[in-house]
Amino acid sequence: APDQTEISDIIASHTHLEGPMLPILHALQERYGCIPQGAEALIATALNITKAEVHGVVSFYHDFREEPTGRHVIKICRAEACKSVGADALAASTLAKLGLDWHGTTANGAVTIEPVYCLGLCACGPAAMVDNKVVARVDDARMAALLQEAGA
Ligand code: FES
């Protein structure tokens, strides 16, 4: 588990800022790949707010995670243009195949599946993104290949 002293140091180095919450959360996420266990309580104490308030912010922003992602992150577009060409079915079959919900990670730690809202490839959906690479016209076969490449 992440060292509580180190977490406290990261928090303390941002408390002088005006509106320190988001900078603290970004710094923690950068360091650990997620908001580590125990951090929300430490932030609450440092900022003199409730743990529920901290948790509310963490869960509001999709960027913050409570567990680290897998080695690869595959995002499936859920916005309108992609939906109209089958993105919902692609998402459903992908999640079912992996036995995951959104934001879930395969048991071997290879792949995390995330929703995303438009990747700018609206004319050639369903669109997906593997790590930082966008992929157009993803069907089940293409997704199977992407998952295999990623080691899912
Ligand atoms: Fe999917 Fe724009 S709607 S890329």
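Look above for the structure.
Residues numbered from 1 in each chain as written. Predicted model: local features only at pLDDT ≥ 70, side-chain atom pairs only at ≥ 80, totals over all residues. Heavy atoms only, no water.

An account of the packing of helix α1 (residues 4-12) against helix α3 (residues 39-47) is needed here, citing residue identities and associated values.
Orientation of α1 relative to α3, taken along the N-to-C sense of each, is 40°, at an axis distance of 10 Å. One way to sum up the angle between α1 and α3 is to call them oblique. Relative to α3, the crossing made by α1 is right-handed. Only A39, L42, I43 and A46 of α3 make contact with α1, whose side of the interface consists of Q4, I7, S8 and I11. (Axes fitted to C-alpha atoms, helices over the stretch in contact; angles between N-to-C directions. Helix = DSSP H or I, 4+ residues; strand = E, 2+ residues; numbered from the N terminus. Parallel < 35°, antiparallel > 145°, perpendicular 65-115°, else oblique. Left-handed = near helix turned anticlockwise from the far one by under 90°. Contact = heavy atoms within 4.5 Å.)

I'd like to hear about helix α6 (residues 87-98), residue by residue, with values.
If you check α6, its first and last C-alpha atoms are 16 Å apart, about what 12 residues at 1.5 Å a residue would give, namely 16 Å. Taken residue by residue, α6 has A87, L90, A91, T94 and L95 as its buried positions. Buried positions in α6, seen along its axis, are confined to an arc of 120° and lie on one side of it. Residues of α6 that are exposed and angled more than 90 degrees away from the buried face: A89, A96 and K97. For α6, the elements touching its buried residues are β1 (72-77), α5 (80-83), β2 (111-116) and α7 (140-150). Positioned one or two residues after α6, G99 has a phi angle of 65°, which is positive. (Expected span 1.5 Å × (residues − 1). Buried < 20%, exposed > 50% of the residue type's maximum accessible area, 1.4 Å probe, protein only. Arc of directions from axis to C-beta.)

Describe the sheet that holds β2, with residues and values.
Pairing within the open sheet is mixed, and its four strands lie in the order β2-β1-β3-β4. The open sheet terminates on both sides in strands that have one partner only, identified here as β2 and β4 (133-135). Between one strand axis and the next, the sheet turns by 25° as a mean value, whatever way the strands run. Where β1 meets strand β3 (residues 128-130), three bridges bridge the pair, whose relative direction is antiparallel. Bridged to I76 within β3 is A128. The sheet strands contacting α6 are β1 and β2, and the helix crosses β1 at an angle near 145°. Packed on one face of the sheet, α7 meets β1, β2, β3 and β4 and runs near 165° to β1. (Pairing = 2+ DSSP bridges.)

Which residues make up the pattern of salt bridges, and what values go with them?
Here the structure, examined in full by the defined rule, presents three salt bridges. Note that E6 is salt-bridged to R31, the shortest N-O span being 3.1 Å. Taken together, the residues E6 in helix α1 and R31 in helix α2 (residues 21-32) connect sequence positions 25 residues apart. Overall, E6 belongs to the partly exposed group, its relative accessible area being 25%. Measuring nitrogen to oxygen at the nearest pair gives 2.3 Å for the salt bridge that ties E114 to R65. Placement of E114 in strand β2 and of R65 in the loop between α4 (51-60) and β1 is noted, with a sequence separation of 49 residues between them. Of the residues examined, E114 reaches a relative accessible area of 8% and is grouped as buried. With a relative accessible area of 10%, R65 lands in the buried category. (Salt bridge = Lys/Arg side-chain N within 4 Å of Asp/Glu carboxyl O.)

Before we move on, could you go through the pairing of β2 and cite the residues and values that matter?
Counted residue by residue, β2 has six buried out of six residues, so it is predominantly covered. What you see with β2 is no split at all: V111, I113 and P115 on one side and T112, E114 and V116 on the other are buried throughout.

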